[in-house]
Every structure is written in structure tokens, then in C-alpha cells.
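# Notes for the structure review
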Amino acid sequence: MDFWSIPNLIPVSPEIEKVLSRGLKMYVVESKGGAIVCMLLSLFFLGTWPALLTLLERRGRFPQHTYLDYTFTNLLAAVIIAFTFGQIGTSSVENPNFLSQISQDNWTSVLFAMAGGVVLSIGNLTTQYAWAFVGLSVTEVVSSSITVVIGTTMNYYLDDKINKAEILFPGVGCFLIAVCLGSAVHASNAADNKAKLDSYSNDSKHSIRANSITDSKQACTKRVGVNDAEKGVAYTEKAKFGTALFLIDLEKRRAIKIFGKSTFIGLALTFFAGSCFSLFSPAFNLATNDQWRTLKDGVSHLSVYTAFFYFSVSCFVVAMILNLSFLYRPVLNAPKSSLKAYLNDWNGRGWALLAGLLCGFGNGLQFMGGQVFGYAVVRSFELVELCIWIEVLVTITQQSTMSELVLVGYYESSVSIPKRN
């Protein structure tokens, strides 16, 4: 009896023998429970990274430096997902793994995935500047609402109407109202800030010093620390949030200067970003499901992991080209920089790298969940919960106005989670 006949002596049930003969399959989320876990994790990741980038900009880090760091780890997340989940199990004709699909004739689906990455990269880059002009809360609510109105409608038809229209589209209508409310909130905030600054005399604006801030009718301040006077630093004071002194101090510290700029710049950036975001999910849907039948017979659909890899590669390339050019030709009053200055700028780099990982894994988990519920449902659900999570973060850091809280409250109450027919 040779070695290979030994397994025949071991009793094996037909079910186990069937599994062993097929080998391990590539991991694909198929259950609703698994999809919900993916969506909740995605919510946490996608709701955290914008707050990190906003914090760095308000601390004075150049947006070009931050986004370049973010871009590297965003791609790294896609590579990790592709070579782990995408390589689990034995490759087959029906379910090829990541490396097997690289050599297949699936270039039409690859182009759809890469097109989605292009518009997402442009949208994310645009929001980085919109956050400075409009604020994190309003930017996310308005851009996400536009995404739902356009993107969810497109995905509904691409998913062959698997969700109930009578539940889905009333919710879409509520998001359209949220776009109008968000624009009104931005106009209200801009008018409020202008009134605060106008009431502050020009002389007092130019005479503000860290050691001379007092409790005036415009601001309440508190002492936050005392340094050695011999080091050239006296008392440091912190202006109360929302006051004219706070706004002036923030303008001095932040990288993107916004004083004197039209309020419509921020809204234009936000609407443009929302339009970009509304297209990347339908493009990814086409890449993985091939609703337009562009693949040849016998060629399998792109897996989520392969599509996400190509998606992230194009996102990386576009971000690198734009931000390297913005180093030397900045836009929207961002500071001018250089490649050498970027390489030497380690202040806040860790947070920017973390933001890229969070966004990368968040998008990957979002697409994994979309294979179960459909991309129309996933985008609607996650964008609402995403804005709520962002609002929690900015409220903790005292960066939200009451009108923004009311807007997000409406946003939360308007959500409806569509079900499959």
C-alpha cells in the first residue's frame, strides 16, 4: 500500500468530500449579516478620515502634503485587500482569484473600475478645499445628498430594480430637500461670521496678541498654558469657539485662507464634489456586474477585490498628478510648496497616512456589502450614517453650529432603508 492510498482508509462524509474536492473558494460576502458588519465598519472608517484631514488643514499643514500622504496609504489598503481576500482559496473558471483576473481579457470592466477611481479622486480632492470654505458638516451633508439623488437613482436601474421604488425614491426626495437646506445653512453661517467680524473694529483686529486677549463683549477666553518667558513665549490664550477672535485666530493658523472669499466658492466646490461622488459607485457597479454585457462569453465578471484594485490605482495616479502640480501651482489660496518641502514635512504625517488607510478600507468594505444589498441601498444607508458619525466627531471638537445640528437631524430623520423586492 503506497502513501496516497492512506486517505482512502479514513471515512469521510459525502459533504466533506465534496468540499475537499472543490477546494477553498475565494471569500465573498454573501450573507446579510456579513454585509451589515462590512457596512458598519465602513461607516466608522469613512466617517473618521475627513475629520483627520480637516484637523490637519486647520493646524496649518499644506493640503497638498496631506493629500499626497493620504494617497499612498489609500492605495496600500487596496493592495492588502486584493492579496488577502482576493487570493483566498483556489482559483477557478467561475471564481478566479485576483492574480488570475489580472491576465484575463476584461479590459472593458477594468476601464469602468478605473473611471470610478478617477471621479472619486477628483471628488475627494475637491472636498478637501470645500471643507475649508463651507465646513465639514455642511460639505458632507450636501455632497452626500447629491450623491444619493443621482448615484442611487442610477444604481437602482443598474441593479435591475431589486429595491422597492416606493420606499427608495421618497427617501431620495428627502435628500434633495437636504441639498437645499445645506445651502441655506452655509449662507446662514457665512452671514453670521461676516456680522461678527464687521462688529469687530479694524483697529482691534490688527492689535490682537496672544498675551493681550481679554474677556470682552466679543469673546470669552481662558488661559491654557504658561511657558517660560526666557524662551520668548509668554501667556497663551484660547478664544472661545464661534467668536470673532476665534475666527481670526483660525484664519491665521489654517493653510487655506478664506477671509474675503465669496460664499459661493464653497458651495460650487461642494456641488462639484457631490456630482463626482454620484458617478463612482455606478461605475464600480458596472465593473463588477457587467450589466451592459461588454465582456466576451466565458470571461468572468471582475471580483470586488480586483475591481477595487484597479479603482484605487486610477485614484492614486490622478491624485499624484494633481497634487504634485499643486505643489508648484497651488489653487484657492493654498500655500506654494515643493517636493523637497513635502518630503521634509513630518508634522501630522502620521494622521494623514492613517486617514488614507481608513478611507481605503472603508471603500473596500462598502463595495463588499454592496454585492449583497445592492449599491443603491448601501450608498443611501452609509451616507446618512456617515454624516451622523462626522457630526458626532465635529460636535465633540466644538466645530458645529446649531443650524448644522438641525440640518443633520433632518438628514437622519429622512433616511429610509429600502428592501429588496
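Owing to the predicted nature of the structure, the values given are computational and were not obtained by experimental measurement. (Residues numbered from 1 in each chain as written. Predicted model: local features only at pLDDT ≥ 70, side-chain atom pairs only at ≥ 80, totals over all residues. Heavy atoms only, no water.)

### So, the overall build of the protein chain
Helix and strand counts for the protein chain stand at 15 helices and 2 strands. By the burial criterion, 50% of the 421 residues in the protein chain qualify as buried. Carbon together with sulfur atoms contributes 65% to the accessible area of the protein chain, which is approximately 20,300 Å² in total. (Helix = DSSP H or I, 4+ residues; strand = E, 2+ residues; numbered from the N terminus. Buried < 20%, exposed > 50% of the residue type's maximum accessible area, 1.4 Å probe, protein only. Areas by Shrake-Rupley, 256 points an atom, 1.4 Å probe, with all protein chains shown as cover.)

### Some words on unusual backbone geometry
If you check the backbone angles, arginine 293 has positive phi at about 55° while not being a glycine. Relative to the assigned elements, arginine 293 resides in the loop between helix H10 (263-289) and helix H11 (304-328). Phi is positive for asparagine 333, close to 65°, though the residue is something other than glycine. On the secondary structure map, asparagine 333 appears in the loop between H11 and helix H12 (339-344). Judged by relative accessible area, which is 41%, asparagine 333 ranks as partly exposed.

### Side note on the pattern of salt bridges
All told, the structure shown has 6 salt bridges when counted by the stated rule. Two residues, arginine 254 and glutamate 57, come together in a salt bridge whose shortest N-O distance is 2.9 Å. One end of the pair, arginine 254, is in the loop between helix H9 (244-253) and H10; the other, glutamate 57, is in helix H2 (residues 32-58), with 197 residues separating them in the sequence. Each member of the pair, arginine 254 as well as glutamate 57, carries the same accessibility label: buried. Of the charged contacts in the structure, one is a salt bridge between aspartate 69 and arginine 349, with a shortest N-O distance of 3.1 Å. Here arginine 349 lies in helix H13 (residues 349-373) and aspartate 69 lies in helix H3 (residues 63-84), a separation of 280 residues in the sequence. (Salt bridge = Lys/Arg side-chain N within 4 Å of Asp/Glu carboxyl O.)

### Quick word on the side chain of glutamine 101
Mapping glutamine 101 onto the fold places it in helix H4 (residues 98-102). When neighbours within four sequence positions are excluded, glutamine 101 is seen to be in contact with Pro96, Asn106, Ser300, His301, Leu302, Ser303 and Thr306. (Contact = heavy atoms within 4.5 Å.)

### Considerations on the side chain of threonine 54
One can find threonine 54 in helix H2. By relative accessible area, which is 5% here, threonine 54 ends up buried. Not counting the four nearest positions on each side in its chain, threonine 54 is found in contact with Trp131 and Leu136.

### Re the packing of H3 against helix H5 (residues 107-134)
Put simply, H3 and H5 touch, their axes get as near as 11 Å, and they point 145° apart. Like other packed secondary-structure pairs, H3 and H5 cross with a definite hand, here right-handed. Packed against H3, whose contacting residues are Pro63, Gln64, Thr66, Tyr67 and Tyr70, the element H5 presents Ser121, Asn124, Leu125, Gln128 and Tyr129 at the interface. Partitioned by chemical class, the residues of the contact of H3 with H5 number 5 nonpolar, 5 polar and no charged. (Axes fitted to C-alpha atoms, helices over the stretch in contact; angles between N-to-C directions. Left-handed = near helix turned anticlockwise from the far one by under 90°. Nonpolar A, V, L, I, M, F, W, Y, C, P; charged D, E, K, R; others polar.)

### Topic: H5
Compared with the 40 Å implied by 1.5 Å per residue over 28 residues, the 39 Å span of H5 between its first and last C-alpha is a close match. In terms of burial, H5 is largely enclosed, as 22 of its 28 residues are buried. At the exit of H5 stands glycine 135, carrying a positive phi of roughly 105°. (Expected span 1.5 Å × (residues − 1).)

### So, the environment of threonine 152
Along the polypeptide, threonine 152 turns up in helix H6 (residues 136-158). Remark: the alpha-carbon pair of threonine 152 and serine 281, spanning 129 residues in sequence, is separated by 8.6 Å.

### Concerning the confidence of the model for the protein chain
Mean pLDDT over the protein chain stands at 75; residues scoring 70 or higher make up 64%. Of the regions scoring below 50 in pLDDT, residues 1-7 engages in 2 contacts with residues more than four places distant in sequence or in other chains. Confidence over residues 208-236 falls short of pLDDT 50; this stretch has 45 contacts with residues more than four positions distant or in other chains. (pLDDT = per-residue confidence, 0-100.)

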